[in-house]
Amino acid sequence: VLRETRSPHLNKTGWNELKVRIEKERLQCYLNDELVIESNDSVYTSGRVGLCKFRNTDAEFKGFRVGESLT
């Protein structure tokens with residue numbers, strides 16, 4: 001977890017699109033095509049990609065994709 005934040009771009013009644021862009025100098029996290037978190041922390045620029053579930057929530061996701069260029 002990089003940071004917990006509230007965003008007015010959250011769709012509370014349907015699906016949300018999350019996107020994380022990893023560059024050499026920074027990380028950018030988007031919610032529904034809006035930048036919500038930017039970090040220049042270089043610790044998280046390598047490793048494995050995946051999803052996780054926290055606490056007693058029911059996790060649902062669809063359309064999970066990983067790649068160098070996604071459209």
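Rules used in this analysis
- Residues numbered from 1 in each chain as written.
- Predicted model: local features only at pLDDT ≥ 70, side-chain atom pairs only at ≥ 80, totals over all residues.
- Heavy atoms only, no water.
- Helix = DSSP H or I, 4+ residues; strand = E, 2+ residues; numbered from the N terminus.
- Buried < 20%, exposed > 50% of the residue type's maximum accessible area, 1.4 Å probe, protein only.
- Contact = heavy atoms within 4.5 Å.
- Areas by Shrake-Rupley, 256 points an atom, 1.4 Å probe, with all protein chains shown as cover.
- pLDDT = per-residue confidence, 0-100.
- Salt bridge = Lys/Arg side-chain N within 4 Å of Asp/Glu carboxyl O.

### Thoughts on the overall build of the chain
Inference 1: Looking only at helices and strands, the chain has zero helices and three strands in total.
Inference 2: Shown N-terminal to C-terminal, the secondary structure of the chain runs as helices and strands in the order β-β-β.
Inference 3: Among the 71 residues that make up the chain, the fraction classed as buried is 8%.
Inference 4: Contacts in the chain between residues far apart in sequence, at least 24 positions, make up 23% of those at least 6 positions apart.
Inference 5: Just so you have it, the chain exposes about 6,900 Å², and 46% of that area is on carbon and sulfur atoms.

### Notes on the confidence of the model for the chain
Inference 1: Looking at the chain, the pLDDT average stands at 83 and 94% of residues meet or exceed 70.
Inference 2: Strand 1 (residues 18-22) is the least confidently modelled element of the chain, averaging 86 in pLDDT, while strand 3 (residues 34-39) averages 92, the highest of any element.

### Things to note about unusual backbone geometry
Inference 1: In this model, N32 sits at a positive phi of 50 degrees, which is unusual for a non-glycine residue.
Inference 2: Take N32: it is sitting in the loop between strand 2 (27-31) and strand 3.
Inference 3: If you check the backbone angles, D33 has positive phi at about 65 degrees while not being a glycine.
Inference 4: Looking at the element boundaries, D33 is found in the loop between strand 2 and strand 3.

### Comments concerning the pattern of salt bridges
Inference 1: Evaluated as defined, the whole model comprises four salt bridges.
Inference 2: With a closest N to O distance of 2.7 Å, E23 and R21 form a salt bridge.
Inference 3: Given a relative accessible area of 45%, R21 falls into the partly exposed group.
Inference 4: The salt bridge involving R26 is made with E23; its shortest N-O contact spans 2.7 Å.
Inference 5: In this structure R26 comes out as partly exposed when scored by relative accessible area, which is 30%.
Inference 6: On the basis of relative accessibility, which here comes to 24%, the residue E23 falls in the partly exposed class.
Inference 7: A cluster of three or more residues bridged by salt bridges with shared partners is formed by R21, E23, R26 and E38.

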